[in-house]
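Working through the structure, step by step
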Amino acid sequence: MTLALDGGAPVRAKPWPSWPPPLDPAQRALVTEVLESGRWGASQGGEVGSRFVTALAGMAGVPYGVGVANATLGLFAALRGLGVGPGDEVIVPAYTFVASAASVILAGATPVIVDVDPSDLHLAAGAVEAAVTGRTAAIMPVHLAGSPADLDALAAVAVRHGLRIVEDAAQAHGATYRGRPVGGLGDAGVFSFQSSKAMTAGEGGAVVCRDESAYEAIWSVCNLGRTRGGRWYDHPELGWNLRMTELQAALLLPWLDRLEAEIERREAFCAALDLDGLPVSAVPRPPGTTRDSRHLLMLRLDPGVDKQRVLTAMAAEGVPLSAGYPPLGALPALAEQGLTRAGECPAAEQAARSVVWLTQPMLMADPVEAVDVTAAFRKVLG
Ligand SMILES: *Cc1c(COP(=O)(O)O)cnc(C)c1O
């Protein structure tokens, strides 16, 4: 078969589903209700927003939630609320989205970039412990691609050294670790509702937590330093306006009812792929994964396979893949801060050379359409 790249017929001409998906009737009704109420902002009562964050926190197994404008600010607010700031170090993985480090810098602290496990690409407890210094204040595990980080192992390190854990659950709505939902496992957990995420309001985020005083502090950071129940112009702490709007919450609250079915659909799509015998395989998950929310499917190309050629050839076949992350410390703005030296994070560098992603819109197709992905990989790599 001639590759589409060389003028042959592509495996697939049909587009993949668009994301975000069309509004469902429950979203349309709730958005309309909020629009017509005239109470679009959280400071006008925030009724839909509080219903949403309470339900989201419940899904994460904890009592408290704060809706925020986006998850970058959510990570910032969680760190500040937990008392992490100037002079502190926060350990972040070398294979993640830039916001994991940028939020730490915004909080005034220093991100310490630790290489990921070469197999599962998550923060590993041993490497984290080796990076702990007298200034380390927190660890930020990322539930990459919807696959939970090995939280019990990281929590043991945190307990030994008196560190906070802020979970970056931006990609992992509904994932579970040893049967427990992510987001509620650390001192605080942060979800994103940006356009590409598994639940979205275009933009948005939420911080969830178990401890009441952490909640009060995080709430205050997001509400200009006010005290809950206090007077409007009293600002005992330094804070910012990071609030989520009621319109965002109206798009998100009904989504909680669909999330399970959507995770199952993506799981079925992944399960239907057949890459046996090809020089590509799914990136394994860390121990303890009981439910991967399948935000993305990360695949590793065998050594010697030319990643750029695979990306180009697969796109020509109608199966576009994502190139994934460059190593975090290699991003120019972070490299400039001298956070890591080239060669210091070999596993993240290897992942940047060999890992490709199937992204969520594709995983949301009918699982029978996984045959197109299988066929394109067989054509390009077979
Ligand atoms: C999307 C994402 C964020 C940031 O979320 P925003 O809502 O876009 O600010 C942070 N961390 C990870 C791992 C993400 O994927």
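These numbers come from a predicted model, not from an experiment. (Residues numbered from 1 in each chain as written. Predicted model: local features only at pLDDT ≥ 70, side-chain atom pairs only at ≥ 80, totals over all residues. Heavy atoms only, no water.)

Right, let's talk about the sheet that holds strand β3 (residues 110-114) for a bit. Here we have seven strands laid out as an open sheet, ordered β1-β9-β8-β5-β4-β2-β3, and mixed in their pairing. Of all strands in the sheet, those bounded by a partner on one side alone are β1 (64-68) and β3. Across the sheet, the mean angle separating the axes of adjacent strands is 25° when strand polarity is ignored. Judged from the three bridges that link them, strand β5 (residues 164-168) and strand β8 (residues 188-192) form a sheet pairing that is parallel. What sits directly across from Glu167, in β8, is Gly189. With respect to the sheet, helix α2 (residues 47-59) is in contact with β1, β8 and β9 (205-209), its orientation differing from that of β1 by roughly 125°. Along the sheet face, helix α6 (residues 151-161) touches β4 (136-139) and β5 and points at about 150° away from the line of β5. (Pairing = 2+ DSSP bridges. Helix = DSSP H or I, 4+ residues; strand = E, 2+ residues; numbered from the N terminus. Axes fitted to C-alpha atoms, helices over the stretch in contact; angles between N-to-C directions. Contact = heavy atoms within 4.5 Å.)

Considering the arrangement of structural elements, one finds Glu369 in the loop between α13 (360-363) and α14 (370-381). Look at Glu369 and you get buried, because its relative accessible area is 14%. Reaching out from Glu369, the side chain makes a polar contact with the side chain of Lys14 at a distance of 3.5 Å. Filtering out sequence-adjacent residues up to four positions away, Glu369 remains in contact with Arg12, Lys14, Trp16 and Phe269. (Buried < 20%, exposed > 50% of the residue type's maximum accessible area, 1.4 Å probe, protein only. Polar contact = N/O pair within 3.5 Å; in protein donor to acceptor, adjacent residues only side chain to side chain.)

What follows is about the domain arrangement of the chain. Assigned domains within the chain: domain 1 (25-257) and domain 2 (259-381). One C-alpha centre belongs to domain 1, the other to domain 2, and the line joining them spans 25 Å. Contacts between domain 1 and domain 2 engage 44 residues on the former and 41 residues on the latter. Between domain 1 and domain 2, a total of about 3200 Å² is buried, with carbon and sulfur atoms accounting for 61% of that surface. Considering only the surface of domain 1 that becomes buried against domain 2, Tyr95, Ile113 and Ala145 emerge as the three largest contributors, covering 20% of it. Summed over the shared surface of domain 1 and domain 2, the result is 19 residue pairs in polar contact (both at pLDDT 80 or more). Of all the elements in the fold, those that place two or more residues in the side of domain 1 that touches domain 2 are β2 (89-93), α4 (99-106), β3 and β6 (176-177). At three residues, the largest contribution of residues to the side of domain 1 that touches domain 2 is made by β3. (Domains from an automatic or database assignment. Buried area = accessible area lost by both parts, 1.4 Å probe.)

Under the criterion given, the structure shown has 21 salt bridges. The closest approach of N and O atoms between Arg12 and Asp372, which form a salt bridge, is 2.7 Å. Taken as a pair, Arg12 in the segment before α1 (25-37) and Asp372 in helix α14 lie far apart in primary sequence, 360 residues in all. Judged by its relative accessible area of 5%, Arg12 is buried. For Glu267, the salt bridge is made with Arg294, and the minimal N-O distance between the two is 3.0 Å. Taken as a pair, Glu267 in helix α9 (residues 259-272) and Arg294 in the loop between β11 (289-291) and β12 (297-301) lie far apart in primary sequence, 27 residues in all. By relative accessible area, which is 32% here, Glu267 ends up partly exposed. If you follow the salt bridges from partner to partner, you end up with Arg12, Lys14, Glu369 and Asp372 in one network. (Salt bridge = Lys/Arg side-chain N within 4 Å of Asp/Glu carboxyl O.)

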